[in-house]
Amino acid sequence: MDSDLIHGGALDLMRQRFKDAPAPWIDLSTGISPFPYPHTDISHAALRDLPTQAMVDSCRAAMAKAFCASQESIVLAPGSELLIRLLPRVINLKTLAVLTPSYGDHKQVWAAAGCDVIDAADPLTYADDVDAVVVCNPNNPDGRVFSPNELEAARSRLAAHGGWLIIDEAYADLEPRRSLARSGGQEGLIILRSLGKFYGLAGLRLGAALMPPSVRTVMREQLGTWPVAGPALEIGIRVYNDSDWSNEARLQLAAARRRLDAILERCGIPICGGTDLFRLIEVADAYRLWEILAQHGIYVRRFDWSRAHLRIGLPAEEQAEMRLEHALSSSM
């Protein structure tokens, strides 16, 4: 599989592959906000000194406040991607159902661990029959959402036979009311959170798992003594305490998403899903459109599971929106 199919974000490879594309490139291949949190100055102490327990506790407290969750339930990590890969070392599963299509690493990691993975359009219906159910909420790439009530019902059914509901809430900051974080720490429930997407700071590598006591200690042992860098903790404390900024960011993202929708509508391209950070489109030949956009210096996300779908992130400014519309119009 081509490297650019894995997650998007491989702009260096795109430049090599499409050498004649106009610069600057517009990278719309990720679901990361193009409007990052701006207050990112860090102290010399955060760079110089080992992270203290006080910093860790302050970051967990800020997260707990932002998530409406129990601070005790939160385990910090350098991004949610590592947590996904560590889960097979923390809980022992033989069977699980995973929402499909969705973020592919969940299936990949559990299959590599020898688990029998069931691809399911409605994975919650398997709650009585498998060791775990994995969903992204909201889902990537189609934006599908599950209500807290249906998730809690599935968790209860899974926990009754020692099973687990694993919820990847990487995009939950867009719609906090849909999060199950307030239930973090309950048996049978693991929630993964990420700072990178909504706050536009993916390079900071800060995430969290909300876990019950039965597995928190094991996860912390897997992560080691200093899993999160001082600069990430310092900015994380600031980010998660800044509710005014996050409220404004939701409005800004929604407005940018509406502008993207209008561009796609004018170009006659149907939208079949998404969130306020990306749109999923369906076309007759997605690979052809992906290549045309790349020739115009615009990088969007394609998939190995579909020749008809592309995911398009939000352009950061008007000029990028105009270039995208021009490129899409030229493909018609």
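Please read all numbers here as calculations on a predicted model, not as lab measurements.

Asks: Quick rundown of the overall build of the protein chain? Include the residues and the values.
Replies: Scanning the protein chain for helices and strands turns up 12 helices and 13 strands. Against the compact-globule benchmark of 20 Å for 332 residues, the protein chain has a radius of gyration of 20 Å, which places it among compact chains. Once the C-alpha set of the protein chain is aligned to its principal axes, its extents read approximately 55 × 50 × 35 Å. When the accessible surface of the protein chain is summed, it comes to about 14400 Å², and 50% of that surface belongs to carbon and sulfur atoms. Looking at charge distribution, the protein chain has the averaged site of its 34 positive side-chain charges lying 1 Å from that of its 41 negative ones.

Asks: I'd love a proper account of the sheet that holds strand β7 (residues 189-194), names of residues and values included.
Replies: Pairing is mixed in the open sheet, where 7 strands are placed in the order β2-β8-β7-β6-β5-β3-β4. Of all strands in the sheet, those with a lone pairing partner are β2 (74-77) and β4 (116-120), marking the two edges. Direction aside, the axes of adjacent strands within the sheet are offset by 20° on average. Bridge count between β2 and strand β8 (residues 207-210): 4 bridges; the pairing is antiparallel. The partner of I74 across the bridge, within β8, is L210. Each of β2, β7 and β8 touches helix α3 (residues 53-67); the most contacted strand, β2, lies at about 115° to it. Across the face of the sheet, helix α6 (residues 148-159) comes into contact with β5 (132-136), β6 (164-168) and β7 while running at roughly 145° to β6.

Asks: Tell me about the packing of aromatic side chains, residues and numbers included.
Replies: When we look at a pair of aromatic rings, we describe it by the centre distance and by the angle of the planes. Scanning the entire structure with this criterion turns up 11 aromatic pairs. An angle of 35° between the planes, with centres 4.8 Å apart, marks the rings of F303 and W305 as tilted. Overall, the relative accessible area of 9% leaves F303 in the buried class. The exposure class assigned to W305 is partly exposed, which follows from its relative accessible area of 39%. Through a chain of ring-to-ring contacts, the aromatic side chains of Y37, F67, F198, Y199, Y240 and W245 assemble into a single cluster. Over the face of the ring belonging to W290 we find R302, whose NZ or CZ atom lies 4.0 Å from the ring centre.

Asks: A description of the sheet that holds strand β10 (residues 278-282) should follow, citing residues and the corresponding values.
Replies: On the basis of which strands lie adjacent, the open sheet formed by 4 strands has the order β9-β10-β13-β12 and antiparallel pairing. With one partner strand each, in any of the chains shown, β9 (271-275) and β12 (301-302) form the two edges of the open sheet. One ladder, built from 2 bridges, connects β12 with strand β13 (residues 309-313); its direction is antiparallel. Across the sheet, R301 pairs through a bridge with R311, a residue of β13. Against the sheet, helix α11 (residues 286-295) engages β10, β12 and β13, with an angle of about 35° to β13.

Asks: Describe in detail the pairing of strand β3 (residues 95-99), supporting the description with residues and values.
Replies: Looking along a regular strand, one sees the side chains alternate between the two faces of the sheet. Counted residue by residue, β3 has 4 buried out of 5 residues, so it is predominantly covered. Note that the unit made of β3, helix α5 (residues 105-112) and β4 has a crossover that is right-handed. Bridge count between β3 and β5: 3 bridges; the pairing is parallel. In the sheet register, A97 faces β5, and the bridge partner there is V133.

Asks: So, the nonpolar core: which residues are in play, and what are the values?
Replies: Of all hydrophobic cores here, the largest spans 79 residues; its most connected members are M63, Y240 and L328. Per-element tally for this core: the top contributor is helix α10 (residues 243-266), with 7 residues. If we ignore the near neighbours within four places in the chain, the residues touching L328 are I263, L264, C267, I269, L289 and L293. Membership of the second largest hydrophobic core comes to 26 residues, among which are V75, I84, V98 and I166.

Asks: Pulling in residues and values, what's your account of the pattern of salt bridges?
Replies: Going through the model one piece at a time under the given rule, you end up with 18 salt bridges. Notably, a salt bridge pairs R60 with D57, separated by 3.4 Å at the nearest N-O pair. Of this pair, R60 and D57 both sit in helix α3, 3 residues apart, roughly one helical turn. Given a relative accessible area of 29%, D57 falls into the partly exposed group. One connected set of salt bridges, linked through shared partners, spans R257, D261, D276 and R279.

Asks: Which residues make up the state of the cysteines, and what are the values?
Replies: Counted under the stated rule, the structure contains 0 disulfides. The closest cysteine sulfur to the non-disulfide-bonded C136 is located on C115, 16 Å from its own sulfur.

Each value, and the rule that gives it
Numbering of residues begins from 1 in every chain and follows the order in which that chain's sequence is written. Reporting of local features is limited, given that this is a predicted model, to residues whose pLDDT is at least 70; pairs of side-chain atoms are given and counted only at 80 or more, and all residues count toward the totals for whole chains, interfaces and linings. Values shown for side chains rest on all heavy atoms present in the structure; no hydrogens or waters enter the calculation. Think of it this way: any DSSP run of H or I at least four residues long counts as a helix, any run of E at least two long counts as a strand, and we number them from the N terminus. To get the radius of gyration, use the C-alpha atoms; to get the globule rule, take the number of residues to the power 0.38 and multiply by 2.2 Å. Here the accessible surface of atoms and residues is derived via Shrake-Rupley with a 1.4 Å probe, and residues count as covered only by protein chains that are part of the display. In this charge count, Lys and Arg are treated as positive and Asp and Glu as negative; neither His nor the chain ends contribute. Positions of charges follow a simple convention, taking NZ of Lys, CZ of Arg, CG of Asp or CD of Glu. Following DSSP output, two strands are said to pair if at least two bridges run between them. Here the axes come from fitting lines to C-alpha atoms, over the contacting stretch only for helices, and the angles between their N-to-C directions go from 0 to 180 degrees. The contact definition used throughout considers only heavy atoms, calling two residues in contact when any of these lie within 4.5 Å. Two aromatic rings from Phe, Tyr or Trp, using only the six-membered ring of Trp, form a pair when their centres are within 6.5 Å; if the ring planes differ by under 30 degrees the pair is stacked, by over 60 it is edge-to-face, and anything between is tilted. Relative accessibility under 20% of the residue-type maximum defines a buried residue, over 50% an exposed one, and the middle range a partly exposed one, all with a 1.4 Å probe and only protein chains included. Either the NZ atom of lysine or the CZ atom of arginine qualifies as a charge over a ring when it sits within 6 Å of the ring centre and within 35 degrees of the ring normal. The definition of a right-handed crossover adopted here requires that, viewed with the strands pointing away, the path from the first strand over the helix to the second runs clockwise. Side-chain atoms within 4.5 Å are what join buried Ala, Val, Leu, Ile, Met, Phe, Trp, Tyr and Cys residues into a set we call a nonpolar core. For this analysis, a salt bridge means a side-chain nitrogen from Lys or Arg found within 4 Å of a carboxyl oxygen belonging to Asp or Glu. Cysteine sulfur pairs qualify as disulfides if the two atoms are within 2.5 Å.

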